[in-house]
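Structural characterization, general
Spelled out from the first residue to the last, the chains are:
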Amino acid sequence: MNSPQRNRLERSRSVFINCPFDSEYRPLLRAMCFTIKLCGYDPACALDFSDSSQSRFHRIVDVIVQCGMSIHDISRVELDTGSKLPRFNMPLELGADLGLRLKGPAIQRDRRILILEKDLHRYDITTSDISGQDIEAHHNSESEIIARVRDWLNAGRQDHKPLPGADAVEKDYRTYLKIVPTIIETETLDSYERLSHKDFLWTIYAAITEIRRQRGEAP
């Protein structure tokens, strides 16, 4: 987040991500962020801030409001191995987002929302009230995350030039995974597994710049 305030143009290209942040989900989150950045949009999520002066939920709602689009992954409905309880953060944030689109200020009524699940129609059992929304399954696959997010972003474009296809995006993502160790070493960052979210996003920018340079494209 560059600033707590976003103008209309920035808002239209900002994508809020609501998903698990644990190590098991991290490969899916990173594939999602790479896809969003490569397609010319800006990902935003709770990992972008650490302001203890404001409650976490209030800060999350602030970020949702500042973004014109949102992706919500509600696939984690399993019981936590420690507490034996399910996680409710993702459905809570999805509900806040849907409420903004349904009854929020006029500027929020045109929000675009993508809901992701592990398996198609599992939400009919866990959160049946959201039936009829834009819901896609990813089967815990990076390739499918890339395809679902790319296709959704492409469908909402106002101009007529399509985004690179999912296969092309995934090819660039695989290239990113090959060159990111060199970027990390050159910039003396933490290992890929230990990268902060901010540093991870910077490596995406650096990698995309290098990939396009190698192809003779404008950065």
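Given the structure is predicted, the values throughout are model-derived calculations rather than measurements.

1. Observations concerning helix H8 (residues 197–214)
Between the first and last C-alpha of H8 there are 26 Å, a value that for 18 residues agrees with the 26 Å anticipated at 1.5 Å per step. Looking at H8, one finds that the buried residues are His-197, Phe-200, Leu-201, Thr-203, Ile-204, Ala-206, Ala-207, Ile-208 and Ile-211. Structurally, H8 contributes buried residues whose contacts are with helix H2 (26–38), strand E2 (42–44) and helix H7 (166–186). At the C-terminal side of H8, Gly-216 shows a positive phi close to 75 degrees.

2. Side note on the packing of aromatic side chains
By the definition in use, this model includes five aromatic pairs. Their ring planes at 35 degrees and their centres at 5.4 Å tell us that Phe-34 and Tyr-176 sit as a pair that is tilted. Of the two residues, Phe-34 sits in helix H2 while Tyr-176 sits in helix H7, which places them 142 residues apart along the sequence. Phe-34 sits in the buried class, given a relative accessible area of 0%. Residue classification places Tyr-176 among the buried positions, given a relative accessible area of 0%. Three or more aromatic residues joined by ring pairs make a cluster, and in this case those are Phe-34, Tyr-173, Tyr-176, Tyr-192 and Phe-200.

3. Re the nonpolar core
Core analysis: the largest hydrophobic core is formed by 39 residues, its most contacted members being Met-32, Ile-36, Ile-71, Leu-153 and Tyr-176. At the level of elements, strand E1 (14–18), H2, strand E3 (69–73), strand E4 (112–117), helix H6 (142–155), H7 and H8 are the ones that each hand at least two residues to this core. Looking at this core, the element that brings in the most residues is H2, giving eight residues. Leave out the neighbours within four places in its chain, and Leu-153 touches Val-15, Ile-36, Cys-39, Tyr-41, Met-69, Arg-112 and Leu-163. If you look at the next biggest cluster of nonpolar residues, it comprises nine residues, including Ile-60, Val-63, Cys-67 and Leu-100.

4. Observations regarding the confidence of the model for the protein chain
Chain-level pLDDT for the protein chain is 86 on average; 82% of the residues reach the 70-or-more range. Confidence, expressed as mean pLDDT per element, reaches its minimum in the protein chain at helix H5 (residues 123–126) with 48 and its maximum at H7 with 98.

5. A look at the packing of helix H3 (residues 56–66) against helix H4 (residues 89–103)
Axis angle and axis distance: for two packed helices, these are the angle between their axes and the distance between the axes, and together they describe the pair. For the pair H3 and H4, interaxial distance at closest approach is 11 Å and the crossing angle is 45 degrees. With respect to H4, the axis of H3 lies oblique. The hand of the H3/H4 crossing is right-handed. On H4, the residues that touch Phe-57, Ile-60, Val-61, Ile-64 and Val-65 of H3 are Leu-92, Glu-93, Ala-96, Asp-97 and Leu-100. When the residues that make up the contact of H3 with H4 are grouped by side-chain class, the tally is eight nonpolar, no polar and two charged.

6. A word on the sheet that holds E3
Strand order in the open sheet made by the five strands is E2-E1-E3-E4-E5, with parallel pairing throughout. Edge strands, defined here as strands with exactly one partner in the open sheet, are E2 and strand E5 (135–137). Across the sheet, the axes of successive neighbouring strands diverge by a mean angle of 25 degrees, strand direction being ignored. Looking at chain direction, E1 and E3 are connected through four bridges and run parallel. Residue pairing for E3: Val-15 is matched across the bridge by Met-69. Packed on one face of the sheet, H6 meets E1, E3, E4 and E5 and runs near 160 degrees to E4.

7. Let's talk about unusual backbone geometry
Across the chain, the bulk of peptide bonds are trans and the bulk of non-glycine residues have phi less than zero. In this structure, Asn-140 is a non-glycine residue whose phi angle is positive, near 55 degrees. Relative to the assigned elements, Asn-140 resides in the loop between E5 and H6. When its relative accessible area of 43% is taken as the criterion, Asn-140 is described as partly exposed. The phi angle at Thr-188 is positive, at roughly 50 degrees, despite the residue not being glycine. Relative to the helices and strands, Thr-188 is located in the loop between H7 and H8. Accessibility expressed as a relative area gives 70% for Thr-188, which makes it exposed.

Parameters at a glance
Residues numbered from 1 in each chain as written. Predicted model: local features only at pLDDT ≥ 70, side-chain atom pairs only at ≥ 80, totals over all residues. Heavy atoms only, no water. Helix = DSSP H or I, 4+ residues; strand = E, 2+ residues; numbered from the N terminus. Expected span 1.5 Å × (residues − 1). Buried < 20%, exposed > 50% of the residue type's maximum accessible area, 1.4 Å probe, protein only. Contact = heavy atoms within 4.5 Å. Phe/Tyr/Trp six-rings, centres within 6.5 Å; stacked < 30°, edge-to-face > 60°. Core = buried A, V, L, I, M, F, W, Y, C linked by side-chain atoms within 4.5 Å. pLDDT = per-residue confidence, 0-100. Axes fitted to C-alpha atoms, helices over the stretch in contact; angles between N-to-C directions. Parallel < 35°, antiparallel > 145°, perpendicular 65-115°, else oblique. Left-handed = near helix turned anticlockwise from the far one by under 90°. Nonpolar A, V, L, I, M, F, W, Y, C, P; charged D, E, K, R; others polar. Pairing = 2+ DSSP bridges.

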